[in-house]
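Commentary on secondary and tertiary structure
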Amino acid sequence: NGCIPDVKTWTVLIQGYCLADQVDEALSCLGRMREKNVEPDTVTLDVLIYGFLSKDKVLGAFKFQVEMVNKVRIKPWRGTYTLMIEKLVEVGKIEEALDLLRLMKTHRYPPYSDPIIKHISKSGTVDDARKVLMTLSNKDAPSKVAYIKVIKSFFNEGREKEAKELLF
């Protein structure tokens, strides 16, 4: 009827597909949206991330988020980052969670490292802890606060040997 859909209209349509468990159709709709020169926004990204996660497609959600940040230049909400980091850690995808932590820093959000640190302190190595610390670093060396947080986490999990090794 002559109505030209805007980003909100497209996003509601995409959300409907996601709620109906038709994530593939939602992605197809995103493609049609972009063909019509309507660029997705943060809300569109969030809706699709939740769509992926509702189908237990954590890695798909991760890849989609990274692609949208790098290619479309969307700045996800901090909540989208934190949710994705939690979900990635739940499925043991620590490297991917660290990638999102790095992206989060480029968007000037405070880093959300708690689930990563908790996972590393339970089952990771000292080298894993060093990777986290370097990711949290803004310079050549991690902050004292970050070191203390990781060392305390190792101690809380009863892994004194690893805490001492990291300290030294």
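You'll find the structure just up there.
Given the structure is predicted, the values throughout are model-derived calculations rather than measurements. (Residues numbered from 1 in each chain as written. Predicted model: local features only at pLDDT ≥ 70, side-chain atom pairs only at ≥ 80, totals over all residues. Heavy atoms only, no water.)

With respect to helix H5 (residues 78-90)
- Taking 1.5 Å of rise per residue, 13 residues should cover 18 Å, and H5 covers 18 Å from first to last C-alpha, within 8% of that figure.
- Among the residues of H5, Thr80, Tyr81, Thr82, Leu83, Met84, Ile85, Leu88 and Val89 are the ones counted as buried.
- Of the residues trailing H5, Gly92 is marked for its positive phi of about 75°. (Helix = DSSP H or I, 4+ residues; strand = E, 2+ residues; numbered from the N terminus. Expected span 1.5 Å × (residues − 1). Buried < 20%, exposed > 50% of the residue type's maximum accessible area, 1.4 Å probe, protein only.)

Digging into the state of the cysteines
- Under the criterion given, the structure shown has zero disulfides.
- Sulfur of Cys3: no disulfide; nearest cysteine sulfur belongs to Cys29 and is 14 Å away.
- On the basis of relative accessible area, Cys3 is assigned to the exposed category, the value being 65%. (Disulfide = S-S within 2.5 Å.)

Regarding the nonpolar core
- Ile14, Phe64, Met84, Ile85, Leu100, Ile116 and Leu166 are the most contacted members of the largest nonpolar core, which has 53 residues in total.
- Ranked by residues supplied to this core, first place goes to helix H4 (residues 58-72) with eight residues.
- Discounting residues that sit within four places of it in the chain, Leu166 has contacts with Val126, Ala129, Arg130, Leu133, Tyr147, Val150, Ile151 and Phe154. (Core = buried A, V, L, I, M, F, W, Y, C linked by side-chain atoms within 4.5 Å. Contact = heavy atoms within 4.5 Å.)

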